[in-house]
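Observations on chain architecture
These are the residues of each chain, in order.
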Amino acid sequence: NTPGKALVHLNILEKKYPGNPRFIYMEGIAYSRLKKKDEALNSALQIEKNIDAGVQNFNEIWKGRTEYLKGEIYFKLEKYDSALKYYSIAISDKKKLKSEGWVAQWSYMRKGMIYDAIDKREVAKKYYRKVLSMDVINEENVYIKDYAEKYLSNPYTPSDSDNLE
């Protein structure tokens, strides 16, 4: 499986370049894809502890990313109430840099997908429109607007074979 392979490489990178929050973050994403909640949450907790301790490279911009990571963990487990909570916190994070617009855009996208999954179509559409209204372009979201348009036309379902990942 791809997340499992990613974890092998991430462990090597973490040993070679200790103190890089990106590797810990990606480890959390990989564990979330494997639905390993405890391991994924541990990655988020490790980042938060390092931010609080003032560890080099673990600066404030990681807070919003970490809340988004928690949203992803619960989204994958279909624990939608918890996921919505963390995506909302990620959106409201005021310490993120302008280059961090992807955090809010992806959080809005996931919120739309959740509302589709729980049969609240009109609320879902509101979030897809929000994604489309945002002018954020970077490597984290090059195709997100295509999916927002797709789900605006046809509701997201968790069993969608062309799923947004």
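Residues numbered from 1 in each chain as written. Predicted model: local features only at pLDDT ≥ 70, side-chain atom pairs only at ≥ 80, totals over all residues. Heavy atoms only, no water.

Another point: the environment of K120. In this fold, K120 is placed in the loop between α6 (101–117) and α7 (121–133). With 35 residues separating them along the chain, K120 and P155 place their C-alpha atoms 10.0 Å apart. (Helix = DSSP H or I, 4+ residues; strand = E, 2+ residues; numbered from the N terminus.)

Right, let's get into helix α3 (residues 37–52). Here α3 contains 16 residues, and its C-alpha end-to-end distance of 22 Å stays within 8% of the 22 Å for a straight helix at 1.5 Å per residue. Among the residues making up α3, those that are buried are A40, S43, A44, I47, N50 and I51. Seen along its axis, α3 keeps its buried residues to an arc of 125 degrees; they face one direction. Turned more than 90 degrees away from the buried face of α3, the exposed residues are D38, K49 and D52. Here the buried face of α3 lies against α2 (21–33) and α4 (61–76). Where α3 ends, the next residue or the one after it, G54, has phi of about 75 degrees, a positive value. (Expected span 1.5 Å × (residues − 1). Buried < 20%, exposed > 50% of the residue type's maximum accessible area, 1.4 Å probe, protein only. Arc of directions from axis to C-beta. Contact = heavy atoms within 4.5 Å.)

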